[in-house]
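# Survey of secondary and tertiary structure
Here's the letter readout for the chains.
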Amino acid sequence: MNRDTQLAVIGGGPGGYAAAIRASQLGFKATLVEREHLGGVCLNWGCIPSKALIHAADVLESLKDAADLGIGIGEIVLDFGRTHARSRTIVTKQARGLQFLMRKNGIDVVEGRASLRDAHTIGVEGADGSASDLTADHILLATGGRPRSLPGLPFDGETVLSSRHALDLSELPDRAVIVGGGAIGVEFAWLWHSFGVAVTVVEFEDQLLPQEDADVAAELTKRFRGRGIKVLTGHGADGWDAGTGELSVRDRNNGNATRLPTDLVLVAVGIQPNTENLNLVEQGIALDAQGFVQVGESLQTSVPHIYAAGDCTGRLPLAHVAIAQGVAAAETMAGQEPEPLTEERYRFMPRCTYASPQVASLGWTEAQLKEEGIPYNAGMSSLFPNGRARAVGAGNGFVKILAGDPYGEILGVHMVGSEVTELLPSLTLAHMMELTPVEIAQTVHAHPTLSEVVMEAAAAVEGQPLHA
């Protein structure tokens, strides 16, 4: 039958807008429904503003070390309000660019809150109370997620914050406790500490960045503690006493309780999906126990012409993963055969943490390989002897490559140090093209560059590093 559009996307974050653009490129008429702001959490309250703030922290730390370079600087005056305002300006400019892309690709953007009326009809409620229907051949759910709270620590936006609340701060407290030592918690810890906040990170697992390699986590923890950031691993948060301004935490191994005085608490313990009030179950769309949309390798839900992408699927909550999902979904709708998003592909999606030091990784950790009994060889190269790293004052950290035994396939890459997130794409490509460490080591890397550490780590897998 003749419907309003071929693809209706609910949600304008990375997964949603990427799907709409790719569908348009493939000849589809696409319509995107967004209840708040194009770009979703990543552009407006996540990836982009946080990296703008972190860049300011990196510059600040460089200024503190300027005397070591023979550069005299007077008193450093901090104005975090101005730093925050710059981050919001960058968001505004990025959002305008995304609006341009929608127009360029002929994508209609409808503002309002969407829900499914039937398998092919979306009801849209506008902010002004208006109501309309949109019919579509295909529907993509890209409704994203939101920060998850903890029992005893409900968000109030003033003393108990989510990451979104934290990015709204134009003034920083004297003290802060961050509950959750994943990427978001670690990044805020570095940012706030750089601007003079006394920070304590509380992580329930036995290491910061629990999903990362243990050696990487140990290096990050050592560097954090060396800078004065307090780290409490193996501890969970019991509750917040607003009257005394104390957070109660408990050692999960022995049960001992500790009270941490603080001005505010940031809770960064993951996300929950935005799948309520969409009438998904009523239309036969399967959700898991936490409310995440269940999808197959082609991003189809239990209703074949309805797809899902991004954080609402419960896969890796990363913008580039959402984009990959959105593109694959659009291509599948158009009759193409994109590479399926298997468990193996998710495992090898790149992961980045933008603290100082940065962390970048893909694939298996050593602990996971040992647990699964997968034979491997490891090669590690320190940044310390690297000429470029030493020249720019970034000689701490390392690159570790894990390769299968006996064939040499890349099983994991784990890096910690200055700007290592920029080294990761070449190794992502190497894995995709099924290169081995031998071939990476034989590839001439320019000197002096940080990338030489990758070459050295690859050579180390075979026991042949030149600078170790």
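Presented here is an overview of the structure given in this document.

Rules of the game
Residues numbered from 1 in each chain as written. Predicted model: local features only at pLDDT ≥ 70, side-chain atom pairs only at ≥ 80, totals over all residues. Heavy atoms only, no water. Buried < 20%, exposed > 50% of the residue type's maximum accessible area, 1.4 Å probe, protein only. Helix = DSSP H or I, 4+ residues; strand = E, 2+ residues; numbered from the N terminus. Pairing = 2+ DSSP bridges. Salt bridge = Lys/Arg side-chain N within 4 Å of Asp/Glu carboxyl O. Axes fitted to C-alpha atoms, helices over the stretch in contact; angles between N-to-C directions. Parallel < 35°, antiparallel > 145°, perpendicular 65-115°, else oblique. Left-handed = near helix turned anticlockwise from the far one by under 90°. Contact = heavy atoms within 4.5 Å.

A few words now on the pairing of strand E15 (residues 264–267). As a general feature of sheets, a regular strand has side chains that alternate between the two faces. Side chains Leu264 and Leu266 project from E15 onto one buried face, and the interleaved Val265 and Val267 project onto a second face that is buried too. Direction of pairing for strand E8 (residues 160–161) relative to E15: parallel, over a ladder of two bridges. The residue bridging Leu161 from the neighbouring strand is Leu266, located in E15. Across four bridges, strand E9 (residues 175–179) lies against E15 in parallel orientation. What sits directly across from Val179, in E15, is Val267.

Our next topic: the pattern of salt bridges. What the rule picks out here adds up to 22 salt bridges. As a salt-bridge pair, Arg3 and Asp137 come within 3.0 Å of each other at their nearest N and O atoms. Placement of Arg3 in the segment before strand E1 (5–10) and of Asp137 in strand E6 (residues 131–141) is noted, with a sequence separation of 134 residues between them. The partly exposed category is assigned to Arg3, whose relative accessible area is 23%. A salt bridge links Lys400 to Asp215; its shortest N-O distance comes to 2.7 Å. Residue Lys400 is found in strand E21 (residues 397–404), and its partner Asp215 is found in helix H7 (residues 214–227); the two are separated by 185 residues along the sequence. For Lys400, a relative accessible area of 1% corresponds to the buried category.

Going from Ser356 to Pro357, the amide bond is cis rather than trans, its omega being 10°. Of note, the phi angle at Glu419 is positive, near 60°, even though the residue is not glycine. Along the chain, Glu419 falls in the loop between strand E22 (410–417) and helix H12 (424–432).

Moving on, we come to the packing of helix H3 (residues 47–64) against helix H6 (residues 183–194). Running from N to C, H3 and H6 point in directions that differ by 45°, and their axes come no closer than 9 Å. By the angle between their directions, the pair H3 and H6 is classed as oblique. The two elements H3 and H6 meet at a crossing, and its hand is left-handed. Here H3 contributes Ser50, Lys51, Leu53, Ile54, Ala57, Asp58, Leu60, Glu61 and Lys64 to the contact with H6, which in turn contributes Glu187, Trp190, Leu191 and Ser194.

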